Amino acid sequence: MIRKGFIFDLDGVIVDTAKYHYLAWKKLAESIGISFTEEDNEQLKGVSRVRSLEKILAWGNKELQEDKFMELLAVKNNDYLEYIASMDENELLPDVKRVLQFLLDSGQPIALGSASKNARKILKEVHLYAAFHTIVDGNDVTNAKPDPEVFLRAASGLEVTPLNSIVFEDSLAGIQAANNAGMTSIGIGNPEILKEADYVFQDFTEMSNEFLHQLIHQ
Ligand code: B16
Ligand code: MG
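Each chain has its residues counted from 1, running along the sequence as written. Each chain takes a letter, starting from A, and each ligand takes a number, starting from 1, following the order in which they are written. Where local features are concerned, this predicted model is filtered to residues with pLDDT of at least 70; where side-chain atom pairs are given and counted, the filter is 80 or more; whole-chain, interface and lining totals use all residues. By convention in this description, side-chain values take in all heavy atoms of the structure and omit both hydrogens and water.

(A) A look at the site of ligand 1. Around ligand 1 lies a shell of 17 residues, among which Arg49, Ser114, Ser116, Lys117 and Asn118 are the nearest. For this analysis, a polar contact is any N or O atom pair within 3.5 Å, provided that within protein one partner can donate a hydrogen and the other can accept it, and provided that sequence-adjacent residues contribute only side-chain to side-chain pairs. Gly46 is positioned such that a nitrogen or oxygen atom in its backbone is 2.8 Å from an oxygen atom of ligand 1. Between ligand 1 and Asn118 there is a distance of 2.7 Å, counted from an oxygen atom to a side-chain nitrogen or oxygen. Spatially, ligand 1 is embedded in the largest pocket. A breakdown of the residues in the shell around ligand 1 according to their chemical character gives 4 nonpolar, 6 polar and 7 charged. An automatic or database domain assignment supplies the residue ranges for each domain. Both domains that furnish three or more residues to the shell around ligand 1 are identified here as domain 1 (5–15 + 90–217) and domain 2 (18–84). We call a residue near a molecule or strand whenever a single non-hydrogen atom of that residue lies within 4 Å of it. A cavity, in this analysis, means grid points on a 1 Å lattice covering only the protein atoms where a 1.4 Å probe fits yet has no way out; a pocket is instead an open set bounded by protein on both sides within 12 Å along at least five of seven lines, and a residue lines either one if it has an atom within 4 Å of a point. Grid points define the cavity or pocket, and a molecule sits in it when more than half of its atoms lie within 2 Å of them. Three classes are used, and their members are as follows: Ala, Val, Leu, Ile, Met, Phe, Trp, Tyr, Cys and Pro are nonpolar, Asp, Glu, Lys and Arg are charged, and the others, Gly among them, are polar.

Structural data, given as C-alpha coordinates:
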(Lines give C-alpha, C1' and ligand atoms only; values in the text may rest on other atoms or scores of the structure.)
(Ligands and ions follow the chains in the order given, each with its own letter.)
Protein backbone atom coordinates (compact mmCIF):
# COMPACT_ATOMS: atom_id res chain seq x y z
CA MET A 1 0.00 0.00 0.00
CA ILE A 2 1.30 3.49 -0.91
CA ARG A 3 1.82 5.73 2.09
CA LYS A 4 -0.72 8.60 2.17
CA GLY A 5 -0.75 11.81 4.22
CA PHE A 6 -3.84 13.74 5.31
CA ILE A 7 -3.51 17.50 5.82
CA PHE A 8 -6.21 19.52 7.58
CA ASP A 9 -6.78 23.25 7.47
CA LEU A 10 -7.90 24.62 10.86
CA ASP A 11 -10.31 27.57 10.68
CA GLY A 12 -13.52 26.47 8.98
CA VAL A 13 -12.48 22.81 8.72
CA ILE A 14 -11.72 21.63 12.25
CA VAL A 15 -13.16 24.49 14.29
CA ASP A 16 -15.91 26.99 13.68
CA THR A 17 -13.64 30.03 14.09
CA ALA A 18 -14.27 31.53 10.63
CA LYS A 19 -17.23 33.43 12.13
CA TYR A 20 -14.97 35.02 14.78
CA HIS A 21 -12.43 36.14 12.15
CA TYR A 22 -15.38 37.69 10.31
CA LEU A 23 -16.67 39.55 13.36
CA ALA A 24 -13.21 40.87 14.26
CA TRP A 25 -12.44 42.03 10.69
CA LYS A 26 -15.88 43.64 10.34
CA LYS A 27 -15.42 45.59 13.56
CA LEU A 28 -11.97 46.72 12.49
CA ALA A 29 -12.95 47.68 8.92
CA GLU A 30 -15.95 49.68 10.08
CA SER A 31 -13.83 51.45 12.73
CA ILE A 32 -11.83 52.98 9.87
CA GLY A 33 -14.87 53.72 7.69
CA ILE A 34 -14.69 50.71 5.35
CA SER A 35 -17.83 48.61 4.89
CA PHE A 36 -17.37 44.86 5.20
CA THR A 37 -19.77 42.12 4.14
CA GLU A 38 -19.81 38.33 4.37
CA GLU A 39 -18.88 38.22 0.67
CA ASP A 40 -15.80 40.34 1.43
CA ASN A 41 -14.98 37.97 4.27
CA GLU A 42 -15.09 34.98 1.91
CA GLN A 43 -12.05 36.45 0.14
CA LEU A 44 -10.13 36.58 3.42
CA LYS A 45 -10.63 32.93 4.36
CA GLY A 46 -7.28 31.16 4.45
CA VAL A 47 -5.52 34.49 3.86
CA SER A 48 -2.85 35.63 6.35
CA ARG A 49 -3.55 38.40 8.86
CA VAL A 50 -1.21 40.89 7.14
CA ARG A 51 -2.53 40.16 3.66
CA SER A 52 -6.13 40.39 4.94
CA LEU A 53 -5.61 43.93 6.23
CA GLU A 54 -3.87 44.93 2.99
CA LYS A 55 -6.92 43.72 1.06
CA ILE A 56 -9.39 45.55 3.30
CA LEU A 57 -7.42 48.80 2.94
CA ALA A 58 -7.30 48.37 -0.85
CA TRP A 59 -11.10 47.83 -0.96
CA GLY A 60 -11.55 51.07 1.01
CA ASN A 61 -8.91 52.94 -1.01
CA LYS A 62 -6.97 53.69 2.15
CA GLU A 63 -3.27 53.77 2.91
CA LEU A 64 -1.79 53.65 6.39
CA GLN A 65 1.58 54.35 7.98
CA GLU A 66 3.47 51.23 9.07
CA ASP A 67 2.92 51.86 12.80
CA LYS A 68 -0.85 52.37 12.38
CA PHE A 69 -1.01 49.23 10.22
CA MET A 70 0.72 47.19 12.94
CA GLU A 71 -1.54 48.70 15.59
CA LEU A 72 -4.67 47.66 13.68
CA LEU A 73 -3.32 44.13 13.24
CA ALA A 74 -2.88 43.91 17.00
CA VAL A 75 -6.39 45.26 17.62
CA LYS A 76 -7.89 42.67 15.26
CA ASN A 77 -5.99 39.83 16.89
CA ASN A 78 -6.92 40.96 20.40
CA ASP A 79 -10.61 41.07 19.45
CA TYR A 80 -10.30 37.63 17.84
CA LEU A 81 -8.54 36.22 20.92
CA GLU A 82 -11.37 37.56 23.08
CA TYR A 83 -13.93 35.78 20.91
CA ILE A 84 -12.09 32.47 21.18
CA ALA A 85 -11.06 32.85 24.83
CA SER A 86 -13.74 30.52 26.13
CA MET A 87 -13.42 28.04 23.32
CA ASP A 88 -13.78 24.32 23.95
CA GLU A 89 -14.63 21.08 22.16
CA ASN A 90 -18.14 22.40 21.42
CA GLU A 91 -16.59 24.53 18.67
CA LEU A 92 -15.40 21.46 16.77
CA LEU A 93 -17.25 21.17 13.47
CA PRO A 94 -19.63 18.21 12.99
CA ASP A 95 -17.98 14.80 12.54
CA VAL A 96 -14.42 16.17 12.57
CA LYS A 97 -13.60 13.82 15.43
CA ARG A 98 -15.06 10.82 13.61
CA VAL A 99 -12.97 11.54 10.50
CA LEU A 100 -9.75 12.11 12.49
CA GLN A 101 -10.36 8.98 14.55
CA PHE A 102 -11.05 6.86 11.45
CA LEU A 103 -7.79 8.00 9.86
CA LEU A 104 -5.81 7.46 13.07
CA ASP A 105 -7.37 4.03 13.62
CA SER A 106 -6.37 3.21 10.02
CA GLY A 107 -2.76 4.13 10.86
CA GLN A 108 -2.73 7.23 8.63
CA PRO A 109 -0.39 10.17 9.36
CA ILE A 110 -2.21 13.49 9.80
CA ALA A 111 -0.95 17.08 9.68
CA LEU A 112 -2.27 20.57 10.25
CA GLY A 113 -1.71 23.15 7.49
CA SER A 114 -3.11 26.48 8.65
CA ALA A 115 -2.45 30.15 7.88
CA SER A 116 -3.28 31.05 11.47
CA LYS A 117 -0.66 32.11 13.98
CA ASN A 118 -3.12 31.07 16.70
CA ALA A 119 -3.40 27.48 15.46
CA ARG A 120 -1.41 25.74 18.21
CA LYS A 121 -3.32 27.57 20.95
CA ILE A 122 -6.67 26.61 19.39
CA LEU A 123 -5.70 22.94 18.95
CA LYS A 124 -4.76 22.80 22.62
CA GLU A 125 -8.07 24.38 23.66
CA VAL A 126 -10.07 21.76 21.76
CA HIS A 127 -7.79 18.94 22.98
CA LEU A 128 -6.57 17.88 19.54
CA TYR A 129 -2.95 19.04 19.72
CA ALA A 130 -1.59 15.55 20.35
CA ALA A 131 -3.57 14.02 17.47
CA PHE A 132 -1.40 15.66 14.79
CA HIS A 133 1.91 14.15 13.73
CA THR A 134 2.98 17.44 12.13
CA ILE A 135 1.77 21.01 12.64
CA VAL A 136 2.56 23.81 10.17
CA ASP A 137 0.93 27.17 10.85
CA GLY A 138 1.24 30.88 10.09
CA ASN A 139 4.39 31.11 12.21
CA ASP A 140 6.22 28.57 10.05
CA VAL A 141 5.66 29.92 6.53
CA THR A 142 6.67 32.97 4.56
CA ASN A 143 4.29 32.58 1.62
CA ALA A 144 0.54 32.66 2.21
CA LYS A 145 -2.07 30.44 0.52
CA PRO A 146 -2.63 30.11 -2.51
CA ASP A 147 1.13 29.55 -2.40
CA PRO A 148 1.60 25.82 -1.71
CA GLU A 149 4.33 26.33 0.95
CA VAL A 150 2.21 25.47 4.01
CA PHE A 151 1.01 22.17 2.52
CA LEU A 152 4.40 21.22 1.04
CA ARG A 153 5.96 21.69 4.49
CA ALA A 154 3.19 19.60 6.07
CA ALA A 155 3.70 16.79 3.53
CA SER A 156 7.43 16.87 4.09
CA GLY A 157 6.83 16.64 7.87
CA LEU A 158 4.71 13.54 7.26
CA GLU A 159 7.34 12.17 4.84
CA VAL A 160 4.83 11.77 2.01
CA THR A 161 5.02 13.05 -1.56
CA PRO A 162 2.61 15.81 -2.70
CA LEU A 163 0.97 13.31 -5.06
CA ASN A 164 0.08 11.12 -2.06
CA SER A 165 -1.17 14.03 0.06
CA ILE A 166 -4.83 14.83 0.62
CA VAL A 167 -5.87 18.31 1.80
CA PHE A 168 -9.12 19.30 3.52
CA GLU A 169 -9.86 23.03 3.06
CA ASP A 170 -12.76 25.48 3.42
CA SER A 171 -11.25 28.40 1.47
CA LEU A 172 -10.72 29.01 -2.22
CA ALA A 173 -7.16 30.20 -1.53
CA GLY A 174 -6.50 26.94 0.33
CA ILE A 175 -7.93 24.75 -2.45
CA GLN A 176 -5.73 26.61 -4.92
CA ALA A 177 -2.72 26.10 -2.62
CA ALA A 178 -3.40 22.34 -2.52
CA ASN A 179 -3.85 22.21 -6.29
CA ASN A 180 -0.67 24.25 -6.78
CA ALA A 181 1.15 21.71 -4.61
CA GLY A 182 -0.08 18.86 -6.83
CA MET A 183 -2.14 17.33 -3.99
CA THR A 184 -5.68 15.95 -3.87
CA SER A 185 -7.92 18.83 -2.75
CA ILE A 186 -11.12 18.26 -0.79
CA GLY A 187 -13.35 21.29 -0.23
CA ILE A 188 -15.41 21.50 2.95
CA GLY A 189 -18.22 24.00 2.41
CA ASN A 190 -20.05 25.64 -0.48
CA PRO A 191 -19.51 23.81 -3.82
CA GLU A 192 -20.08 27.07 -5.74
CA ILE A 193 -17.13 28.72 -4.00
CA LEU A 194 -14.93 25.61 -3.89
CA LYS A 195 -15.50 24.38 -7.44
CA GLU A 196 -11.77 24.12 -8.15
CA ALA A 197 -11.50 21.28 -5.60
CA ASP A 198 -11.22 17.63 -6.65
CA TYR A 199 -14.12 16.79 -4.30
CA VAL A 200 -16.47 19.00 -2.25
CA PHE A 201 -18.57 18.10 0.80
CA GLN A 202 -20.84 20.53 2.61
CA ASP A 203 -19.37 19.25 5.87
CA PHE A 204 -17.80 16.09 7.29
CA THR A 205 -21.17 14.51 8.06
CA GLU A 206 -21.48 13.97 4.29
CA MET A 207 -18.10 12.20 4.07
CA SER A 208 -18.43 8.46 4.64
CA ASN A 209 -15.82 6.15 6.11
CA GLU A 210 -16.00 4.28 2.77
CA PHE A 211 -14.84 7.43 0.98
CA LEU A 212 -11.94 7.81 3.44
CA HIS A 213 -11.12 4.13 2.97
CA GLN A 214 -10.92 4.69 -0.79
CA LEU A 215 -8.60 7.69 -0.34
CA ILE A 216 -6.30 5.55 1.77
CA HIS A 217 -6.21 2.67 -0.70
CA GLN A 218 -6.42 4.37 -4.09
P1 B16 B 1 -4.51 34.53 12.48
P2 B16 B 1 -6.80 28.69 8.21
C3 B16 B 1 -6.69 31.32 8.45
O4 B16 B 1 -6.71 30.06 9.03
C5 B16 B 1 -8.09 31.95 8.45
O6 B16 B 1 -8.92 31.27 7.51
C7 B16 B 1 -8.01 33.39 8.05
O8 B16 B 1 -9.31 33.98 8.12
C9 B16 B 1 -7.06 34.13 8.99
O10 B16 B 1 -6.91 35.49 8.62
C11 B16 B 1 -5.69 33.44 8.95
O12 B16 B 1 -5.84 32.08 9.32
C13 B16 B 1 -4.70 34.08 9.90
O14 B16 B 1 -5.14 33.84 11.19
O15 B16 B 1 -4.91 35.97 12.46
O16 B16 B 1 -5.12 33.74 13.62
O17 B16 B 1 -3.01 34.36 12.39
O18 B16 B 1 -8.16 28.67 7.60
O19 B16 B 1 -5.66 28.69 7.22
O20 B16 B 1 -6.65 27.64 9.30
MG1 MG C 1 -9.78 27.70 6.65
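Having seen it, we continue.
(B) Inspection of the side chain of Glu169 at higher detail. Helix numbering and strand numbering both begin at the N terminus, where a helix is a DSSP run of H or I of at least 4 residues and a strand a DSSP run of E of at least 2. Structurally, Glu169 can be placed in strand E4 (residues 165–169). Given the relative accessible area of 0%, Glu169 is considered buried. Of the polar contacts made by the side chain of Glu169, one reaches the side chain of Lys145; its length is 2.7 Å. A polar atom in the side chain of Glu169 sits 2.9 Å from the side chain of Ser171. Residues within four places of Glu169 in sequence aside, it is in contact with Asp9, Val13, Lys145, Phe151, Gly174, Ile175, Ile186, Gly187, Ile188 and Leu194. The buried label applies to any residue whose accessible area, calculated with a 1.4 Å probe on protein chains only, is under 20% of its type's maximum; exposed applies above 50%, and partly exposed to all values in between. In this description, contact between two residues means that some pair of their heavy atoms is separated by no more than 4.5 Å.

(C) How the structure looks around the pairing of strand E2 (residues 110–113). The alternating pattern of E2 places Ile110 and Leu112 on one face and Ala111 and Gly113 on the opposite face, and all of these are buried. Any two strands between which DSSP finds at least two bridges are classified as paired. Pairing of strand E1 (residues 5–8) with E2, which is carried by 3 bridges, proceeds in the parallel orientation. Looking at E2, one finds that Phe8 is bridged to Leu112. For the crossover that starts at E2, traverses helix H6 (residues 119–125) and ends in the parallel strand E3 (residues 134–136), the hand is right-handed. Whether a crossover is right-handed depends on one test, that the path from the first strand over the helix to the second runs clockwise when the strands point away from the viewer.

(D) Layout of the packing of helix H5 (residues 96–105) against helix H9 (residues 209–217). Throughout, an axis means a line fitted to C-alpha atoms (over the contacting stretch in the case of helices), and angles, computed between N-to-C directions, take values from 0 to 180 degrees. Interhelical geometry of H5 versus H9 gives an angle of 40° and a closest axis separation of 11 Å. By the angle between their directions, the pair H5 and H9 is classed as oblique. By crossing handedness, the relation of H5 to H9 is classed as right-handed. Contacts from Arg98, Val99, Phe102 and Leu103 of H5 reach H9 at Asn209, Leu212, His213 and Ile216. Comment on the angle field: the value is read as roughly parallel under 35 degrees, roughly antiparallel over 145, roughly perpendicular from 65 to 115, and oblique elsewhere. Crossing handedness: left-handed means the near helix sits turned counterclockwise from the far one by under a right angle, and right-handed means the same turn made clockwise.

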